[in-house]
Amino acid sequence: MTEKLFEQGAYHESGHIIMAYLSKFKADNVSLILNDPGSGFTKFDYGDFRITLLIAAMQNYSKDPSIFNELDSNIKNAASQVGFKIAGTLMGGPVSEAFYKSGIDFNGELPIEMSGPDLMTVESIDLCLSQKTLNHDQNFIYNTLTGVVSLIKQESVWKSIEHLSATILKSPNKQLSRLEIEDSLNQSGYLNFIK
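Source: prediction; values computed, not measured. (Residues numbered from 1 in each chain as written. Predicted model: local features only at pLDDT ≥ 70, side-chain atom pairs only at ≥ 80, totals over all residues. Heavy atoms only, no water.)

1. Looking at the overall build of the protein
Per the secondary structure count, the protein includes 10 helices and 3 strands. Listed N to C, the secondary structure of the protein is α-β-β-α-α-α-α-α-α-α-β-α-α in terms of helices and strands. On C-alpha atoms alone, the protein measures out to a radius of gyration of 16 Å, which is about the 16 Å that the 2.2 N^0.38 rule sets for 195 residues. Referenced to the eigenvectors of the C-alpha coordinate spread, the extents of the protein come out at roughly 45 × 35 × 35 Å. Looking at the protein as a whole, 43% of its 195 residues are labelled buried. Restricting to contacts in the protein with at least 6 residues of sequence separation, those with at least 24 account for 69%. As presented, the protein carries roughly 10100 Å² of accessible surface, and 51% of it is formed by carbon and sulfur atoms. Distance between charge centroids for the protein: 5 Å, based on 16 positive and 23 negative side chains. (Helix = DSSP H or I, 4+ residues; strand = E, 2+ residues; numbered from the N terminus. Rg over C-alpha atoms; globule rule 2.2 N^0.38 Å. Buried < 20%, exposed > 50% of the residue type's maximum accessible area, 1.4 Å probe, protein only. Contact = heavy atoms within 4.5 Å. Areas by Shrake-Rupley, 256 points an atom, 1.4 Å probe, with all protein chains shown as cover. Lys, Arg positive; Asp, Glu negative; His and termini not counted. Charge placed at Lys NZ, Arg CZ, Asp CG, Glu CD.)

Listed below in structure tokens is the structure:
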């Protein structure tokens, strides 16, 4: 049972990472939490401190909108694009985990369990975009989730998630550095796929 939970966690984190790289973000490291099988953590690098500030402001918008409001307007102008990318990155974990549990050939309504920080952050981003951008999609969460499901279901993407998950599980202490993550993504062909 513990190994199954570690596998579930590895698929979850791999889904986040796959979607992050599609959005031109990077992952500095990934770790499965050894004393809490099924849980993990990935540290992302968004490539630009202004993007990092914007993401933090949108992630915390539901608690404190003033962080977003105080950003320079040129940073706020990127909110729709960045919000879409980070929401997709966050949704990649639960979608990948759902396919791990149900099988990649699953058809019908995939039983995706979005909860905890992933769900709270996506809801905060949606709230921020609905209040601060024009023409925000009223079905932003559902439509973004549908897109992530379609993407992850592609054979080359799923094989890359499987490869990265196996690499995490085989690593000492179930951790990978950026170099090890990108080596796995390169071996599976994912980095070429997203060029």
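2. Points about helix 5 (residues 79–102)
Counted at 1.5 Å a residue, the expected span for helix 5 with its 24 residues is 34 Å, and the 34 Å between its end C-alpha atoms agrees. Within helix 5, the axis deviates most sharply at Gly 92, by approximately 30°, and proline Pro 94 lies no more than four positions further along. The element helix 5 is extensively covered by neighbouring structure, given that 18 of its 24 residues are classed as buried. Just past helix 5, the residue Gly 103 takes up positive phi, approximately 95°. (Expected span 1.5 Å × (residues − 1). Bend = angle between axes of the 7 residues up to and from the residue.)

3. Concerning the sheet that holds strand 1 (residues 26–32)
The strand order across the open sheet formed by 3 strands is 2-1-3, and the pairing between neighbours is antiparallel. Here the strands that pair on one side only, and so sit at the sheet edges, are strand 2 (40–45) and strand 3 (175–177). With strand direction ignored, the average angle separating the axes of adjacent strands in the sheet is 15°. In this sheet, strand 3 lies alongside strand 1 in antiparallel orientation, the contact comprising 3 bridges. The residue bridging Asn 29 from the neighbouring strand is Ser 177, located in strand 3. (Pairing = 2+ DSSP bridges. Axes fitted to C-alpha atoms, helices over the stretch in contact; angles between N-to-C directions.)

4. Some details on helix 2 (residues 49–59)
Among all positions in helix 2, only Leu 54, Ile 55, Ala 57 and Met 58 are buried. In an axial view of helix 2, the angular spread of the buried residues amounts to 160°, which keeps them on one side of the axis. On the buried face of helix 2, the contacting elements are helix 3 (66–69), helix 4 (73–76), helix 5 and helix 6 (116–132). (Arc of directions from axis to C-beta.)

5. Digging into the environment of Met 91
With respect to the helices and strands, the residue Met 91 is situated in helix 5. Judged by its relative accessible area of 0%, Met 91 is buried. Placed 81 residues apart in sequence, Met 91 and Pro 172 show a C-alpha to C-alpha distance of 27 Å. Not counting the four nearest positions on each side in its chain, Met 91 is found in contact with Met 114, Val 122, Ile 141, Thr 144, Leu 145 and Val 148.

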